[in-house]
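Observations on the three-dimensional arrangement
Next come the chains, spelled out residue by residue.
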Amino acid sequence: MYRGSSGERIPCLCVTNRKLCQGDFYERIRQIVQNREADAILLREKDLSWSEYENMAEKVLGICQEADMVCILHSFWESALKLHCQNIHLPLDILETMPDKEKSYFQWIGSSVHSVEQAKRAEGSGADYVIAGHVFETDCKRGMPGRGLEFIQKVSGGVHIPVYGIGGICQENAEAVVRAGAAGVCVMSGFMTIRQ
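First, a word on what this report is: a plain description of the structure on this page. Not measured: the values here are computed from a predicted model. (Residues numbered from 1 in each chain as written. Predicted model: local features only at pLDDT ≥ 70, side-chain atom pairs only at ≥ 80, totals over all residues. Heavy atoms only, no water.)

1. A look at the packing of aromatic side chains
- A complete count under the given rule lists five aromatic pairs for this structure.
- Residue placement shows Arg147 over the ring face of Phe151; its charged tip is 5.6 Å from the ring centre. (Phe/Tyr/Trp six-rings, centres within 6.5 Å; stacked < 30°, edge-to-face > 60°. Lys NZ or Arg CZ within 6 Å of the ring centre and 35° of its normal.)

2. Quick look at the environment of Ile109
- Mapped onto the elements, Ile109 comes out in strand E5 (residues 108–113).
- Given a relative accessible area of 3%, Ile109 falls into the buried group.
- Here Ile109 is in contact with Ile88, Leu90, Leu95, Lys103, Gly126, Ala127, Asp128 and Tyr129, once residues within four sequence places are set aside. (Helix = DSSP H or I, 4+ residues; strand = E, 2+ residues; numbered from the N terminus. Buried < 20%, exposed > 50% of the residue type's maximum accessible area, 1.4 Å probe, protein only. Contact = heavy atoms within 4.5 Å.)

3. Points about the packing of helix H6 (residues 116–124) against helix H7 (residues 148–158)
- Contact geometry of H6 with H7 gives a least axis separation of 9 Å together with a crossing angle of 30°. What the angle tells us is that H6 and H7 run roughly parallel. The way H6 lies across H7 gives a crossing that is right-handed. Listed contacts from H7 to Val116, Ala119 and Lys120 of H6 are Lys154, Val155 and Gly158.
- By residue class, the composition of the contact of H6 with H7 is three nonpolar, one polar and two charged. (Axes fitted to C-alpha atoms, helices over the stretch in contact; angles between N-to-C directions. Parallel < 35°, antiparallel > 145°, perpendicular 65-115°, else oblique. Left-handed = near helix turned anticlockwise from the far one by under 90°. Nonpolar A, V, L, I, M, F, W, Y, C, P; charged D, E, K, R; others polar.)

4. Structural notes on unusual backbone geometry
- Residue His134 is reached from Gly133 by a cis peptide bond, and omega for that bond is -5°.
- Turning to its location among the elements, His134 is positioned in the loop between strand E6 (129–133) and H7.
- Here Asp68, not a glycine, exhibits a phi torsion of approximately 55°, which is positive.
- By the secondary structure assignment, Asp68 is in the loop between helix H2 (50–66) and strand E3 (70–74).
- Phi is positive for Ser75, which is not a glycine, with a value near 70°.
- With respect to the secondary-structure elements, Ser75 resides in the loop between E3 and helix H3 (77–82).
- Relative accessible area serves as the criterion here: at 18%, Ser75 is assigned to the buried category.

5. Description of helix H1 (residues 25–34)
- Looking only at H1, the buried set comprises Phe25, Arg28, Ile29, Ile32 and Val33. For H1, the angular spread of the buried residues around the axis is 135°, confining them to a single face.
- Each element contacted by the buried residues of H1 is listed here: strand E1 (12–15), strand E2 (40–43), H2 and helix H9 (189–192).
- A positive backbone phi angle near 55° is found at Arg36, which sits one or two residues after H1. (Arc of directions from axis to C-beta.)

The following block contains the structure:
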């Protein structure tokens, strides 16, 4: 669990990447969930086929449900419907073209954005929150400088929905992201690379 300098809890989403996991992926998810290391799991395995993702999602949803942890599926909204998961994170182009009837099923819909304009488009298309990045330099975007805290400030000020910062976020800088206006942070490497 990420905490600020005065001990307050910083809302945090664990963004998965099984390729960074140094042990069994499902066991790591189980540890994060059982130890309440994050507030939710965002299952973001973008290289999987629809059927591979659905099989993984079913297992991860089961782990999360056992401990009453929120699980957010990524991109494959038809799989989310099939698996009765009411939380989905969509690329902006999918969010903008998804029929309203399907959107109405979901309790939470999120989208990833890289500008204030994209954040406004996501909000206008029904997003309940956005993930904005990348804030700091990160190995996931090697060679690309981070957009910085001013970026988070502008995105947060440009929409009326929660903004979560992503990219190079760790315990040492998470509080600064929230102070810049974010509702919370997203962490991938910090969760996935821990040895079991």
